[in-house]
Amino acid sequence: MRGDPLVDAVVERLKPGLTIKDGFLGDDARDLYEIIDADAEVVAEMGLSHAGLAARMEFLARRGMKAHGGPVVYRQDIQITTDEVCGYVTCPWGCCGAFRKGVTTLHNQRSDFWVSYSALSIHMVREHHFFQGKGSSFRLDPYLLRWVLW
Ligand SMILES: [Zn+2]
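Fair warning: this is a prediction, and the values are worked out from it, not measured in the lab.

**Examining the nonpolar core**
Among soluble globular proteins, nonpolar side chains are generally buried collectively. Among the nonpolar cores identified, the biggest contains 19 residues, and M57, L60, L106, V115, V125 and L140 are the most heavily contacted of them. Elements represented by at least two residues in this core include exactly α3 (50–66), β2 (78–83), β6 (113–118), α4 (119–128) and α5 (142–149). If we skip the residues at most four places from it in the chain, V125 touches H50, L53, A54, M57, F130, F131 and L140.

**Quick look at the sheet that holds strand β5 (residues 103–108)**
Taken together, the 4 strands give an open sheet; going across it, the order is β1-β2-β5-β6, and neighbouring strands pair in antiparallel fashion. What marks the edges here is a single partner per strand, and that holds for β1 (72–74) and β6. Adjacent strand axes in the sheet meet at a mean angle of 25 degrees when their direction is disregarded. As judged from the 3 bridges shared by β1 and β2, these two strands associate in the antiparallel manner. Each residue of the ladder has a partner; that of V73, found in β2, is Q79. Here α5 sits on the sheet and contacts β5 and β6; the angle it forms with β6, its principal contact strand, is near 105 degrees.

**Considering the environment of Y117**
Relative to the elements of secondary structure, Y117 occurs in strand β6. Classification of Y117 as buried rests on a count of 24 C-beta atoms within 10 Å. Taking the C-alpha atoms as reference, Y117 lies 16 Å from L14; in sequence the two are 103 residues apart. Discounting chain neighbours no more than four positions away, the residues touching Y117 are M57, T104, I122, F138 and L140.

**Regarding the packing of α3 against α4**
The contact between α3 and α4 brings their axes to 8 Å, and the two run at 160 degrees. Here α3 is positioned roughly antiparallel relative to α4, judged by the angle of their axes. Along this stretch, α3 crosses α4, giving a crossing that reads as left-handed. Here α3 contributes H50, A51, L53, A54, M57, E58 and A61 to the contact with α4, which in turn contributes I122, V125 and R126.

**Quick look at the pairing of β2**
Burial along β2 is one-sided: the residues I78, I80 and T82 are buried and none of Q79, T81 and D83 is. Linking β1 back to β2 in an antiparallel pair, the connection comprises 3 residues, with R75 at a positive phi of about 55 degrees. For β2 and β5, the ladder comprises 6 bridges, and the chain directions are antiparallel. Bridging from a neighbouring strand, T82 pairs with T104 of β5.

**Some details on the packing of α3 against α5**
Two elements in contact, α3 and α5, have axes whose closest approach is 11 Å; the angle formed by their N-to-C orientations is 45 degrees. Considering the angle they form, α3 stands oblique to α5. The hand of the α3/α5 crossing is left-handed. Facing α3, whose interface residues are L53, R56, M57 and L60, α5 presents P142, L145 and L149. Class assignment for the residues of the contact of α3 with α5 results in 6 nonpolar, no polar and 1 charged.

Each value, and the rule that gives it
- Residues numbered from 1 in each chain as written.
- Predicted model: local features only at pLDDT ≥ 70, side-chain atom pairs only at ≥ 80, totals over all residues.
- Core = buried A, V, L, I, M, F, W, Y, C linked by C-beta atoms within 7 Å.
- Buried ≥ 20, exposed ≤ 12 C-beta atoms within 10 Å, placed from the backbone.
- Helix = DSSP H or I, 4+ residues; strand = E, 2+ residues; numbered from the N terminus.
- Contact = placed C-beta atoms within 7 Å.
- Pairing = 2+ DSSP bridges.
- Axes fitted to C-alpha atoms, helices over the stretch in contact; angles between N-to-C directions.
- Parallel < 35°, antiparallel > 145°, perpendicular 65-115°, else oblique.
- Left-handed = near helix turned anticlockwise from the far one by under 90°.
- Nonpolar A, V, L, I, M, F, W, Y, C, P; charged D, E, K, R; others polar.

Below, the structure is given as structure tokens:
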């Protein structure tokens, strides 16, 4: 994978400024595939799948959008807030269209954990198994996700 020009192009688009201002890699010293593989191990250890996590993220984001931004509580313990942001962003993999920039924030009142994510984050989890690098402002730790989404 290393030295592959297609992967190099993706990594360039994950850096600050090209797709989003702060980039997706944070201050993670690992390479892209080390990040993806380490997170995949956590997902498998929890008995979950990337598709299952993405489907649940999307389901809760849709619930939030139906409330037109105002906080809405799902199942009495997951508070969902949607911040609409104008504009679209394209996937750093360059494969898959444009995604609305809005951000969904979930607060699970049982675990007291929070996560925030966009439509692009859902797509990257589902299609590219990428939760973003450590130190990235939108890093989605899969373990944390598990304690917020359910
Ligand atoms: Zn993509």
